[in-house]
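# Observations on chain architecture
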Amino acid sequence: MAHFIKKAASISSISLISRILGMIRDAIIAFIFGADTVSDAFFIAFRPFDLVRKMMSDGILSSSFIPLFAEQFAQNKKEQAAAMFLNALFFISIAGALMVGLGIYFAPFWVDLFAPGYGAGSYSHTLSCLLFRIMMPYMFIVFFVALSMSVLHASGNFHVPAATPVLLNLCIITAAVIFSNQFTPKIAVLAIGVTAGGIVQLAFQIPSLAKLGMFDFKTFVRVNPHVKKAFITLGPSMIGAAAFQINLLVAGLTASKLDPGAVSYLNYAERLVQFPLALVASPVATVLLPMLSAMAGARCLKPGQPSGGVPRFNFFDQTEETQDLRLLFDAGIRMVFFLIIPATVGIIALNRPIVLLLFGRGAFDLTAVDQTGQCLVFMILGVWAVAGTRLFVAFHYALSNIRRPFMAGVVSIGCNVLLCRFFVERMGVTGLSLSVSLSAVAGFILLAASRPFGIRGRGVLVCACRAVFMSVIMFFLVRWIWGLWSDSSRIIQAAGLVISISIGAGGYLVGTRLTSNPEMVMLTRIFLKQK
C-alpha cells in the first residue's frame, strides 16, 4: 500500500511541474492574444488534438491496452509483449497517416464540425482551418506517444510518461515568447509550437521503449489476437473513460455559437480544473490501472488461490507478499477524495483572484476575468465526480469489464447534451460549465451505485463527508485571509494569494491530523515511515 501511495505521489510531483508550466503557457497566451476571435480560433483548432491526446493516453488506449499488456509482463512473456507493441504500432501508424492526410484535405469540414457557429468563409473559420492544418501532423504523433505511454505504464515506468507533457509546454512557451512576432497571422506560432512539442515528446520516449526491448522486430506479426481484442474495445472504452472530455467538447461546440470569447472562457476554466485532477486523480488512476491489471492477470495463474490475494510483483512492492484489489482501490479513492475536495473548495473560495493573477493582464481584460471565474466555479463543482469516475473506470477496466463504464459514459454524455441546450439559454457560457459538472455527477452516481466486488461505499462516503466538513472551515479561513490583501497592488495580491493558499492547505492538513482523520494518519505513517 505504501509503495502505491508513494508512486502516485512521485507522479504528482512531476505533474505539478507540468501544470505550473501549463499555467505559465496559458498566462502567456492570455497576455499576448487575450480572449477574443483569434484565441477562440486556436482553441477550436486545438480542441480535437487535445481531446484525442487525453483520450488516447488517459482513457481509450490505456484502458484497453494496459490490462492485456500488463498481463504479459506479469507472466514474464516479454517477447509476446514486444509483439503486441509492434503490431499495435503497425496499425496505429497506418491509421495516423490516414488521419493526417484526410485532416489536412478536409480541414474545413472538421472546423464546421467543431465550431458550428463559425460561418464558412468567415475570418474565424479560415483562421481555424489554417491552424488545424499546421497541427495535423501532431495527430500522428499523439497515437505513437499514447501507445508508448501505455507500454511504459504497464512495465512500471511512470516517470518518463509523466515528464512528457513538460516538453510540450516548454515548446509552446518557447514558440510564443521568442517567435510570435515572426509569423503572420501571429497566432500560427502556437500551432507550430504544438507540432514541434509532439516531435520532442516522441523522441524523449523512444530510448525507454528500446531499453524494454520493444523494438525487437523478429517478434513482429501482422495480426496479434491481444491487439485485436484491445482495438475491438476502443469504442466502448472511449465512451467510458473520456466522457468528461467529450462533454467539454460538446460545451465548446455550443460556445462557438455565443459571443466572441466564450470558447476561451471555457478553455481557461478547464485548464484550472485540470490542475487538481492532474495532481490528485490522474496519478492515482495511472498507477492503479496497470497495478490492478497485473494483479488480476497473475491471479489467473493460480485458480486455487484466494480471491483477494495475489503474489507480490517486483515492480510493485518489495515488502508485501500479498495485495488485495478491493483494499487497494478503497485506499486510492479515499485518498483522492481526501485531497481533491479541499482543492475544490479552495478554488471556489479564490476563483476570481486566481484567474485575475494568472491571466488578468495584457489583452485579457476584466470582462474575461469575470466570465472565466464564473465558468470556473460551476465547472469545479463536479471535479470530485470526475476524479471518482476515473478511479472506478480504472478498476473496471483492470478487470476487463467495460460494460458498466460504457453505460455510465452514455448517461453522462446524454445528460450533457440535454443540459447544455437547457442552461445555455438561461445562463449563457456559465450554464455550459454547470452542465458539464452535473453530467459528471450523473455518470459517477451510476458507477458508484454498482459497488463492484464488495467495495465499501459507506467508508468512502464517510471519508468524503469528513473532507467536506474540514473544507468548509478552510473556506471561511481562506476568504478571511484573502480579504486582508484584496485591495493591495498586484504584487502584494500575488503574495497574498500564495499565503492564503498555503495557510488554507496547512490548516486543512493540521485540522485533519488533530482530529485523527484516517486518511491523514495513513499519509503521515507512509511518508514519515511510522509503524
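Look a little higher up for the structure.
These remarks concern the structure in this document. (Residues numbered from 1 in each chain as written. Predicted model: local features only at pLDDT ≥ 70, side-chain atom pairs only at ≥ 80, totals over all residues. Heavy atoms only, no water.)

The helix and strand tally for the protein chain stands at 20 helices and two strands. The buried share among the 531 residues of the protein chain stands at 57%. A separation threshold of at least 6 residues defines the contact pool for the protein chain, and within that pool the share at least 24 residues apart is 83%. For the protein chain, the computed accessible surface area is about 21600 Å², with 68% contributed by carbon and sulfur atoms. (Helix = DSSP H or I, 4+ residues; strand = E, 2+ residues; numbered from the N terminus. Buried < 20%, exposed > 50% of the residue type's maximum accessible area, 1.4 Å probe, protein only. Contact = heavy atoms within 4.5 Å. Areas by Shrake-Rupley, 256 points an atom, 1.4 Å probe, with all protein chains shown as cover.)

This part takes up the pattern of salt bridges. Evaluated as defined, the whole model comprises seven salt bridges. Linking R426 and E425 is a salt bridge whose minimum nitrogen-to-oxygen distance equals 3.9 Å. Classification of R426 by relative accessible area gives exposed; the value is 52%. (Salt bridge = Lys/Arg side-chain N within 4 Å of Asp/Glu carboxyl O.)

Where helix α16 (residues 403-427) meets helix α17 (residues 429-450), the axes come as close as 7 Å, and the angle between the chain directions of the two elements is 155°. Here α17 runs roughly antiparallel to α16, going by the angle between their axes. Of the two elements, α16 crosses α17, and the hand of that crossing is right-handed. Classifying every residue of the contact of α16 with α17 gives 19 nonpolar, eight polar and one charged. (Axes fitted to C-alpha atoms, helices over the stretch in contact; angles between N-to-C directions. Parallel < 35°, antiparallel > 145°, perpendicular 65-115°, else oblique. Left-handed = near helix turned anticlockwise from the far one by under 90°. Nonpolar A, V, L, I, M, F, W, Y, C, P; charged D, E, K, R; others polar.)

Before going further, it helps to examine the environment of P165. Structurally, P165 can be placed in helix α6 (residues 159-179). P165 sits in the partly exposed class, given a relative accessible area of 25%. When the C-alpha atoms of P165 and G197 are compared, they prove to be 8.8 Å apart, with 32 residues separating the residues in sequence. Not counting chain neighbours up to four residues away, the residues in contact with P165 comprise S18 and Q201.

What follows is about the packing of helix α3 (residues 78-105) against helix α4 (residues 107-114). Close contact between α3 and α4 brings their axes to 5 Å; oriented N to C, the two are set at 85°. The pairing of α3 with α4 is recorded here as roughly perpendicular in orientation. Here L102, G103, I104 and Y105 of α3 lie close against α4, whose contacting residues are A107, P108 and W110. Here the residues of the contact of α3 with α4 sort into six nonpolar, one polar and no charged.

Turning our attention to the packing of aromatic side chains. Geometry of an aromatic ring pair is reported as the spacing of the ring centres plus the angle between the planes. Here the structure, examined in full by the defined rule, presents 19 aromatic pairs. Measuring from ring centre to ring centre gives 4.8 Å for Y105 and F106, while their planes differ by 85°; the resulting arrangement is edge-to-face. By the ring-pair criterion, three or more aromatic residues cluster together here, those being F42, F43, F46, Y268, F359 and F364. It is R426 that lies over the ring of F422; its NZ or CZ is 3.8 Å from the centre. (Phe/Tyr/Trp six-rings, centres within 6.5 Å; stacked < 30°, edge-to-face > 60°. Lys NZ or Arg CZ within 6 Å of the ring centre and 35° of its normal.)

What follows deals with the side chain of N517. Turning to its location among the elements, N517 is positioned in the loop between α19 (490-514) and α20 (518-527). On the accessibility criterion, N517 (3% relative accessible area) is buried. Polar side-chain contacts of N517 include one of 2.9 Å to the backbone nitrogen of E519. With sequence-adjacent residues up to four places away left out, N517 is seen in contact with F338, R466 and T512. (Polar contact = N/O pair within 3.5 Å; in protein donor to acceptor, adjacent residues only side chain to side chain.)

With that settled, consider a nonpolar patch on the surface. Residues F90, F91, I94, L98, L102, Y105, F106, F109, W110, L113 and F220 make up a contiguous nonpolar surface patch of roughly 1100 Å² in combined accessible area. The leading source of residues in the nonpolar patch is α3, at six residues. With respect to the secondary-structure elements, L113 resides in helix α4. Here L113 falls in the partly exposed class, since its relative accessible area comes to 43%. (Patch = residues over 30% accessible without salt bridge, like charges linked within 9 Å, V, L, I, M, F, W, Y side chains within 5 Å.)

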